[in-house]
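A look at the structure
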Amino acid sequence: QVQLVESGGGLVQAGGSLRLSCAASGSIRLINTLNWYRQAPGKQRELVARVSSNYSTNYADSVKGRFTISRDNAENMVYLQMNSLKPEDTGVYYCNAHTLRLGLPYDAWGQGTQVTVSS
């Protein structure tokens with residue numbers, strides 16, 4: 001069903017900002033949660049931020065106050081605004097959609113976008 005494509009990653013100096021975008025091929029209006037995950041080399045994938053269908057948000061402790069997740073249902077877009085970036089934010093960032101279809105779990109994943117923060 002829905003396909004996700006991330007963009008906006010790149011190389012940035014510590015203290016800088018990036019905005020990641022996730023474009024969905026289909027409607028995200030009925031998607032329960034939209035998430036950003038990241039994975040650093042040698043580390044397990046971790047949940048960075050989540051936004052629900054009622055626009056409530058949750059963040060990993062490590063990014064609270066620095067990152068902001070948002071969703072635009074009208075344009076089928078999800079964003080992650082990242083400010084005050086640190087070298088430990090480096091990794092591949094993935095967009096994820098999680099919802100229910102006919103009462104069954106459904107997940108879609110993007111291909112990932114690389115974020116590198118230099119010290």
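A quick note: this is a predicted structure, and the numbers were derived from the prediction, not measured.

Details of the sheet that holds strand S7 (residues 67-72)
- With antiparallel pairing, the four strands of this open sheet are ordered in space as S1-S3-S8-S7. Here the strands that pair on one side only, and so sit at the sheet edges, are strand S1 (4-7) and S7. Averaged over all pairs of adjacent strands, the angle between their axes in this sheet comes to 15 degrees, without regard to strand direction.
- Of the strand pairs in this sheet, strand S3 (residues 18-24) and strand S8 (residues 77-82) are connected by six bridges, and their pairing is antiparallel. Its bridge partner being in S8, Cys22 is matched across the sheet by Val78.

Quick look at the packing of aromatic side chains
- Scanning all chains against the criterion turns up one aromatic pair.
- Judged by centre distance (5.0 Å) and plane angle (50 degrees), the rings of Tyr37 and Trp109 are tilted. Here the residue Tyr37 occupies a position in strand S4 (residues 33-39), and Trp109 occupies one in strand S10 (residues 104-109), the gap between them amounting to 72 residues.
- It is Arg45 that lies over the ring of Tyr94; its NZ or CZ is 3.9 Å from the centre.
- The lysine or arginine in question, Arg45, covers the ring of Trp109, its NZ or CZ lying 4.8 Å from the ring centre.

A closer look at the pairing of strand S5 (residues 46-52)
- Sheet topology places S4 next to S5; six bridges connect them, and they run antiparallel. If you follow Thr33 over to S5, its bridge partner there is Ser52.
- Connecting S4 to the next strand, S5, in antiparallel fashion are six residues, including Gly42 with a positive phi near 75 degrees.
- Sheet analysis places S5 next to strand S6 (residues 57-59), joined by three bridges and oriented antiparallel. Directly across from Val51, in S6, lies its bridge partner Thr57.

Thoughts on the nonpolar core
- Among the nonpolar cores identified, the biggest contains 29 residues, and Leu4, Trp36, Phe67, Leu80, Met82 and Tyr93 are the most heavily contacted of them.
- Sorting the residues of this core by element identifies S3, S4, S5, S7, S8, strand S9 (91-101), S10 and strand S11 (113-118) as the ones contributing at least two each.
- The greatest single-element share of this core, amounting to four residues, is contributed by S3.

Focus on the side chain of Arg71
- Within the secondary structure, Arg71 is located in strand S7.
- Among the polar contacts listed, one links the side chain of Arg71 to the backbone oxygen of Ile31, at a separation of 3.0 Å.
- At 2.9 Å, the side chain of Arg71 and the backbone oxygen of Ser52 are in polar contact.
- Each residue touching Arg71, except ones within four places of it in the same chain, is listed here: Ile28, Arg29, Ile31, Asn32, Leu34, Val51, Ser52, Ser53, Tyr55, Met77 and Val78.

The rules behind these values
Residues numbered from 1 in each chain as written. Predicted model: local features only at pLDDT ≥ 70, side-chain atom pairs only at ≥ 80, totals over all residues. Heavy atoms only, no water. Pairing = 2+ DSSP bridges. Helix = DSSP H or I, 4+ residues; strand = E, 2+ residues; numbered from the N terminus. Axes fitted to C-alpha atoms, helices over the stretch in contact; angles between N-to-C directions. Phe/Tyr/Trp six-rings, centres within 6.5 Å; stacked < 30°, edge-to-face > 60°. Lys NZ or Arg CZ within 6 Å of the ring centre and 35° of its normal. Core = buried A, V, L, I, M, F, W, Y, C linked by side-chain atoms within 4.5 Å. Buried < 20%, exposed > 50% of the residue type's maximum accessible area, 1.4 Å probe, protein only. Polar contact = N/O pair within 3.5 Å; in protein donor to acceptor, adjacent residues only side chain to side chain. Contact = heavy atoms within 4.5 Å.

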